[in-house]
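Structural characterization, general
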Amino acid sequence: MRTFDIVIIGSGIAGGFLARQLRLARPDLGVLVLEAAGAMEDYKVGESTVEVAANYMVRRLNLGTYLYQHQLPKNGLRFFFDGPGKDLPLPRMSEIGSDHMPFHPSFQLERARLERDLVAMNRAAGAEVELGAKVVDLAIDGRGRHKVVYEQGGERREVACRWVCDASGRRHVLLRKLGVKVHKETRLNTAAAWGRYRGVAGLDAVTDAAWRSRARYTSRHLSTNHFMYDGYWIWFIPLAGDLMSVGVVFDKDRIGEGNAPAGALPGPRTRADFERFLGAHRAVRELLEGAELEDFQAYAHLPYHADRYFSTDRYAVTGEAGAFTDPFYSPGSDFIATANEFITQMILADVAGDRTGFEERVAAYDAYYRFKYDSTLRLYERMYPVFGCFELYRLKYLLDFNNYYNLVVWPFMADRVTDVGWIREELRFTDLVLRALSTMGDHFASLASDLRARGEYFAQNEGRFANGLNGVAQLETRLGPSIDERFRREQVDRAYGSVFAALVERRLAERGLSDRARLVSELKLPQVLTFRDITPDRLARLLDRIGERMTKDLRAEFPDAGVERVALGSGGEVSVTGPAVGTEVHAAVLSRARSLWDASAGSLAHVAL
């Protein structure tokens, strides 16, 4: 019987990346990859990557040259918003996107080609990769060698190993065998349908001069393009060569059969449904004119999670073999990067004989991975009814994008994400983070319902452009190997304060409220979490508190003026009591109070415009 240090089940990007990382980290490790497919030819969903996965591929796997030569660079995420009749031409749709390539790279992956190339690269690096090798049985022995049985070419074969890593995707080979529960997620009820089209001219083929110039002629084609609707979104992802990945993700509770609001389409389940669904949207239909659908696939349900991902019995799962949330924001490859980093560090500690360090890593990494799943899911949990509104989603994206760069990308780039001490500190704040995500989700969903009832849900869906990169410009020179924890905390408060102030302004029709420095600075994350509802009474109490602080400041600045109280009212009204009205002292104090209240916060909600 042949013996290996690690057996990896599956040679998709999760397993292929893991094999490459292990061989680069420890070339003496014996790695066997067992892939059930006889050839790597399947067009897989999950072509879009974002910054964590890109950093992992370039920095950890040394794939930068390969990616730029054989795959496509990605021009960030881009979002388009339609009218209620789904009939706006593309140049008239409101848009969130960039006018230049992002300052940290990401890529669009043609998965079949990449996975074929990974087989060749891993073999060249000394890993054994067996195609057409279907795992049919395995036995985990926490005290000795594991056994893995597979069938290949009509023969049954068995190998022994110290570690088993499952990258088999939704087949869940390892967890099913061990009886580890994989739960169908109930908090988010989404499904998807997709295919590859050939002959799509692409967004850069649109000739409208004003539309092209507003993004400074940057390539929209290279973006992950989202067409946003109430309850669903449609993606366009370019692939190397003449292929375009096009798909629909929909909330079955929002647009499923029998649940659709007036004018909505039922979610597509078949190839014919899929083509009919896409054709009902003018901009999408025009982009696909003359294109040919090459293949079609669908998932009836997307999110799920497992009870365990890593074990001191020396097994682990990565990628979709363990969990999946939702393809919005393209987090799948980020989960792969994080799991593979964890698995590599656990294996290195184990083979080095560091039992204490190994056990600490397993406990910390498993807890953090479960937290990562839960926090990612809450990004989407109540958001599908928000997606079709430019006005609201611009704020949602601003908050999410800041938190992603600050709280996710930065620690990964600085190698903190595998530091057990850092993870333990982060896990102390899990309740705060999850409450923040849920609280903001509730506010967004509530305001979306309110705008829909007012007939204002689509009010800003035509003719507007927001440069999404402007909202994270302050992080461009910061992200790197050193972390500034104070700056990170300040950015969390600034992002939440800026966005929440804008939600308050819109909900209560308090125009001009959201860029006041005194208000935004009062809305740090802990204060935001105290707002269960946005009501005039809650705003009045907040203004009273700000007025009290301004009163103290003015007393210090004008000690002989007899300032008793500063009151802030709706519409920017400011009043001062104490100095006699009509006197120079009153005029001076009132002028100063107004200047304090009118001072700009430099709100991210306004910068991003």
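I will try to describe carefully the structure that is included in this document. (Residues numbered from 1 in each chain as written. Predicted model: local features only at pLDDT ≥ 70, side-chain atom pairs only at ≥ 80, totals over all residues. Heavy atoms only, no water.)

Let's talk about helix α10 (residues 332-351)
Counted only if it meets this: Secondary structure elements are defined from DSSP: runs of H or I of at least 4 residues count as helices, runs of E of at least 2 residues count as strands, and each element is numbered from the N terminus. By definition here, a helix of n residues has an expected span of 1.5 Å times n minus one. Three labels apply to residues, based on accessible area from a 1.4 Å probe with only protein chains included: buried if under 20% of the type maximum, exposed if over 50%, partly exposed otherwise in between.
Compared with the 28 Å implied by 1.5 Å per residue over 20 residues, the 29 Å span of α10 between its first and last C-alpha is a close match. Counting buried positions along α10 gives 16 out of 20 residues, so the element sits mostly inside the fold. The first or second residue beyond α10 is Gly 353, which carries a positive phi of 80 degrees.

As for the packing of aromatic side chains
For clarity, the cut-off: Geometry of aromatic contacts follows a simple scheme: Phe, Tyr and Trp rings, the Trp one being its six-membered ring, pair when their centres are within 6.5 Å, and the pair is stacked under 30 degrees between planes, edge-to-face over 60, tilted otherwise. In this scheme, Lys NZ or Arg CZ marks a charge over a ring once it lies within 6 Å of the ring centre and within 35 degrees of the ring normal.
The full count for this structure, using the stated rule, is 42 aromatic pairs. Plain terms: the ring middles of Phe 310 and Tyr 369 are 5.6 Å apart, the flat faces sit at 65 degrees to each other, and that makes the pair edge-to-face. Note that Phe 310 is positioned in strand β19 (residues 310-311) and Tyr 369 in helix α11 (residues 355-380), a separation of 59 residues in sequence. The burial state of Phe 310 is the same as that of Tyr 369; both residues are buried. In this structure, Arg 170 packs its charged tip against the face of Tyr 299, placed 4.0 Å from the ring centre. Note that Arg 170 overlies the ring of Phe 324, its terminal NZ or CZ placed 5.4 Å from the centroid.

So, the pattern of salt bridges
Rules: Here, a salt bridge means any Lys or Arg side-chain nitrogen found within 4 Å of an Asp or Glu carboxyl oxygen.
Going through the model one piece at a time under the given rule, you end up with 51 salt bridges. Salt-bridge contacts for Glu 462 lead to Arg 92; the nearest nitrogen and oxygen are separated by 2.8 Å. One end of the pair, Glu 462, is in the loop between α14 (430-454) and β21 (465-467); the other, Arg 92, is in the loop between β4 (77-81) and β5 (94-97), with 370 residues separating them in the sequence. A relative accessible area of 42% means that Arg 92 is categorised as partly exposed. Between Arg 486 and Glu 490 there is a salt bridge whose closest N-O contact spans 3.4 Å. Of this pair, Arg 486 and Glu 490 are both found in helix α15 (residues 485-508), four residues apart, which corresponds to roughly one turn of the helix. For Glu 490, a relative accessible area of 40% puts it in the partly exposed group. One salt-bridge network, in which partners are shared between bridges, spans Glu 391, Asp 450, Arg 454, Glu 456, Arg 506 and Arg 507.

A short note on unusual backbone geometry
Look at Arg 216: it is not a glycine, yet its phi comes out positive at around 55 degrees. By secondary structure assignment, the location of Arg 216 is in the loop between α6 (209-214) and β13 (224-229). The backbone of Ala 509 shows a phi angle near 55 degrees, a positive value even though the residue is not glycine. Residue position: Ala 509 is located in the loop between α15 and α16 (517-522).

Comments concerning the nonpolar core
Quick reminder of the rule: Throughout this description, the term nonpolar core refers to a set of buried Ala, Val, Leu, Ile, Met, Phe, Trp, Tyr and Cys residues connected via side-chain atoms within 4.5 Å.
Ile 8, Phe 17, Phe 79, Phe 310, Met 346 and Tyr 393 are the most contacted members of the largest nonpolar core, which has 174 residues in total. The element best represented in this core is helix α12 (residues 390-413), accounting for 14 residues.

Examining the state of the cysteines
Structurally, a disulfide amounts to a covalent bond that connects the sulfur atoms of two cysteines. Note the cut-off: What counts as a disulfide here is a pair of cysteine sulfur atoms lying within 2.5 Å.
Enumeration according to the criterion identifies zero disulfides in this entry. In this model Cys 161 remains outside any disulfide bridge; the closest cysteine sulfur is found in Cys 165, 8.6 Å from its own. Residue Cys 161 is classed as buried on the basis of its relative accessible area, which comes to 0%.

Section: the pairing of strand β14 (residues 232-239)
How we decide: Here, strands pair whenever DSSP counts at least two bridges between them.
Summarising burial for β14: eight of the eight residues are buried, a large majority. The alternating pattern of β14 places Tyr 232, Ile 234, Phe 236 and Pro 238 and Trp 233, Trp 235, Ile 237 and Leu 239 on opposite faces, both of which are buried. Alignment of β13 against β14, held across five bridges, turns out to be antiparallel. From the neighbouring strand, His 226 faces β14, where its bridge partner is Trp 235.

Quick look at the layout of surface pockets
This is how it is decided: Throughout, the protein atoms alone are placed on a 1 Å grid, and a set of points is a cavity if a 1.4 Å probe fits but cannot get out or a pocket if it is open with protein on both sides within 12 Å along at least five of seven lines; lining residues have an atom within 4 Å of a point. Grid points are joined across faces, edges and corners, and a volume is the space filled by probe spheres set on the points. Classes in brief: Ala, Val, Leu, Ile, Met, Phe, Trp, Tyr, Cys and Pro nonpolar; Asp, Glu, Lys and Arg charged; the others, Gly included, polar.
If you add up the space inside the second largest pocket, you get close to 960 Å³. Mapped onto the lining of the second largest pocket, the elements with two or more residues apiece are α1 (13-25), α4 (111-124), β12 (190-198), β13, β14, β17 (297-299) and α10. Split by residue class, the lining of the second largest pocket holds 23 nonpolar, 16 polar and ten charged.

Some remarks on the packing of helix α2 (residues 51-60) against α10
For clarity, the cut-off: Helix axes use the C-alpha atoms of the stretch in contact, all axes being lines fitted to C-alpha atoms, and the angles between their N-to-C directions lie in the range 0 to 180 degrees. Here the angle decides the label: under 35 degrees means roughly parallel, over 145 means roughly antiparallel, 65 to 115 means roughly perpendicular, and every other value means oblique. Contacts: residue pairs with any heavy atoms within 4.5 Å of one another.
The interhelical angle for the contact between α2 and α10, taken along N-to-C directions, is 50 degrees, at an axis separation of 7 Å. For the element pair α2 / α10, the angle class is oblique. Counting all contacts with α2, which are made through Val 52, Ala 53, Tyr 56 and Arg 60, the residues of α10 involved are Ser 333, Asp 334, Ala 337, Asn 340 and Glu 341. Broken down by class, the residue content of the contact of α2 with α10 amounts to four nonpolar, two polar and three charged.

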